[in-house]
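What follows is the residue order along each chain.
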Amino acid sequence: MRVSDLIDKAVAALSERLSGPVNGSAKFVIEGEGALMIDGEGVRAGEEDADVTLSADAETFQAILAGETNPTAAYMTGKLTVEGDMGLAMQLGAALA
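Rules of the game
- Per chain, the residues get numbers from 1 upward, laid out in the order the sequence is written.
- A pLDDT threshold of at least 70 governs which residues receive local features in this predicted model, and a stricter bar of 80 or more applies before side-chain atom pairs are shown or counted, although totals over entire chains, interfaces and linings include all residues.
- Calculation of side-chain values draws on the structure's entire complement of heavy atoms; hydrogens and water are dropped beforehand.
- Salt bridges are counted wherever a side-chain nitrogen of Lys or Arg sits within 4 Å of a carboxyl oxygen of Asp or Glu.
- The buried label goes to any residue with under 20% of its type's maximum accessible area, the exposed label to any with over 50%, and the partly exposed label to all in between, with areas taken from a 1.4 Å probe on protein chains only.
- Comment: axis = line fitted to C-alpha atoms, over the contacting stretch for helices; angle = value between 0 and 180 degrees taken between N-to-C directions.
- The numbering of helices and of strands both runs from the N terminus, where a helix is a DSSP run of H or I of at least 4 residues and a strand a run of E of at least 2.
- In these notes the angle categories are as follows: under 35 degrees is roughly parallel, over 145 is roughly antiparallel, 65 to 115 is roughly perpendicular, and the rest is oblique.
- Each crossing gets its hand from how the near helix is turned against the far one by less than a right angle, where anticlockwise is left-handed and clockwise is right-handed.
- By the convention used here, residues are in contact when the closest approach between their heavy atoms is within 4.5 Å.
- Gly is placed with the polar residues, together with every amino acid not listed as nonpolar (Ala, Val, Leu, Ile, Met, Phe, Trp, Tyr, Cys and Pro) or charged (Asp, Glu, Lys and Arg).

*Asks:* A description of the pattern of salt bridges should follow, citing residues and the corresponding values.
*Replies:* In the structure shown here, the tally under the stated rule is two salt bridges. Residues D39 and R44 are paired through a salt bridge, measuring 3.0 Å at the closest nitrogen-oxygen approach. R44 is the partner of E48 in a salt bridge, and the nearest nitrogen-oxygen pair spans 2.5 Å. Classification of R44 by relative accessible area gives partly exposed; the value is 25%. One connected set of salt bridges, linked through shared partners, spans D39, R44 and E48.

Encoded structure:
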């Protein structure tokens, strides 16, 4: 499986931003690019089941990573969808903001 450059960059960026182990597991699905996992082992490309799944298009995800879009605002406007543990999603959103 070929991991996209965007997934590679996202893994690196999220690894720097998350200041410690995540309490649970999260999957970021980037439409047309793939997915990455965040859990107690860190950040990596992956497609496993997770406590929460966040989905966005590549443009929205890149804007969140770059600090140009607030994750909460992206969720409120429908650009970011969340399925599962909303508390964990909020914890990740705070780490990304």
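*Asks:* Describe the packing of helix α1 (residues 5-17) against helix α2 (residues 58-65), listing the residues and the values that go with them.
*Replies:* Where α1 meets α2, the closest approach of the two axes is 11 Å, and the angle between their N-to-C directions is 30 degrees. Looking at the two axes, α1 sits roughly parallel to α2. As for how α1 packs across α2, the hand of that crossing is left-handed. Mapping the contact onto sequence places L6, A10, A13, L14 and R17 in α1 and A58, F61, Q62, I64 and L65 in α2. Looking at the contact of α1 with α2 residue by residue, the classes come out as eight nonpolar, one polar and one charged.

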